[in-house]
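Structural overview for review
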Amino acid sequence: MKVAAGCSFFARVREEAEKIAPDLRWTLSAADGSWSESPEDCDLVVLAGDAYTGAFVQTVMQLPAIRWAHTEDTGTDGLFYDTMRARGVTVTHSPGANAAEVAEFAIGCMLWSAKRLGELRDNQRAHRWQLLALDSLSDKTILVVGLGAIGTRVVALAKAFGMRVLGIRRSSAVVADIDEQGTLTDLPRFLPAADFVVLALPFTEENRGLIGKSTLALMKKTATLINVARGSLVDVAALQEALRAGRLRQACLDVLPTEPWPAGDDLWDVPRLLLTPHNAWSSPLYLPRVAQLWLENLRRYVRGEELLHKIV
């Protein structure tokens, strides 16, 4: 077996991986795009850490012998995953590896909105001493759309703040700590009740533009939208219009349909909008969790057992 991976991932897992599979060989991608040796005969790929680059993806998509690809991602939409699936390659991902951090980020965005932290910062920069009326979270309602590892973590944190929690997921399986749960067909009914709407669901073509002109019109003018899922879930033009017209209190977008977002676009200057560069996942704990998931699957792969977190 030969693995195509990044240098940082290799350094983290090498010792334990060689105990599991003594004959394991590696070809490593460097920061400058060079390889320690040709990856042409690699049958395993790890898309994680410093290998999470466009150059790495473009190279490994062309490799003829790949049998198993593992990714640090939770979501698995995009050309790389489509290509792997079309070729019959087994793909595993890392659900939950960044759930704590992304959920914390979503709660941070809620506090930014409720406590008017952006305005307070602006006042500081202007040397302006001005008391502002601040909101509480404990009397508010949150709608969490998508109840996977991230969404359920958001639910638990929201409950710790004493919030009323609405939740939406594909299945009807009940999730703990939710006051009322439904499916996407219930979205129009739930949106008018929510003070905060957190998107934490996977992207599919069916939910492209899920939050658009019609759904934004159902939301409270005092509501805040937070997207920590996929950029294409939100119609950015419709959101921009709603914010400029005062039909929505605030929005926080950690993901956008195009990344990086064009520097010259006027979305950057929309009032009451917080844009962050797909940064919510970031944590020193993330890569170690991904590494442990991969090592467990390597054990299973060597033994011929079913791999965890396979996608279809």
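For the structure, check the block above.
Please read all numbers here as calculations on a predicted model, not as lab measurements.

**Observations concerning the nonpolar core**
Counting residues in hydrophobic clusters, the biggest one holds 35 residues, and the most contacted among them are Leu143, Val145, Val197, Leu199, Leu225 and Leu239. Counting only elements with at least two residues in this core, the list comes to β6 (141–145), β7 (164–168), α7 (187–190), β9 (196–199), α9 (236–244), β11 (250–253) and β12 (273–275). Of all the elements, α9 adds the most residues to this core, at five residues. Leaving out residues up to four positions away in the same chain, Val145 has contacts with Ile168, Leu184, Leu187, Val197, Val198, Leu199, Ala200, Leu201 and Leu210. In this structure, Ala99, Leu147, Val154 and Ala200 belong to the second largest nonpolar core, which totals 28 residues.

**Considering the packing of helix α4 (residues 99–114) against helix α6 (residues 149–160)**
Closest axis-to-axis distance for the α4/α6 pair is 8 Å, and the angle between their directions is 50°. When the axes of α4 and α6 are compared, the pair comes out oblique. For α4 against α6, the interelement crossing comes out right-handed. Touching Ala99, Ala100, Val102, Ala103, Glu104, Ala106 and Ile107 of α4 are Ala149, Ile150, Arg153, Val154, Leu157 and Ala158, all from α6. Taken together, the residues of the contact of α4 with α6 sort by class into eleven nonpolar, no polar and two charged.

Cut-offs and rules
- Residues numbered from 1 in each chain as written.
- Predicted model: local features only at pLDDT ≥ 70, side-chain atom pairs only at ≥ 80, totals over all residues.
- Heavy atoms only, no water.
- Core = buried A, V, L, I, M, F, W, Y, C linked by side-chain atoms within 4.5 Å.
- Buried < 20%, exposed > 50% of the residue type's maximum accessible area, 1.4 Å probe, protein only.
- Helix = DSSP H or I, 4+ residues; strand = E, 2+ residues; numbered from the N terminus.
- Contact = heavy atoms within 4.5 Å.
- Axes fitted to C-alpha atoms, helices over the stretch in contact; angles between N-to-C directions.
- Parallel < 35°, antiparallel > 145°, perpendicular 65-115°, else oblique.
- Left-handed = near helix turned anticlockwise from the far one by under 90°.
- Nonpolar A, V, L, I, M, F, W, Y, C, P; charged D, E, K, R; others polar.

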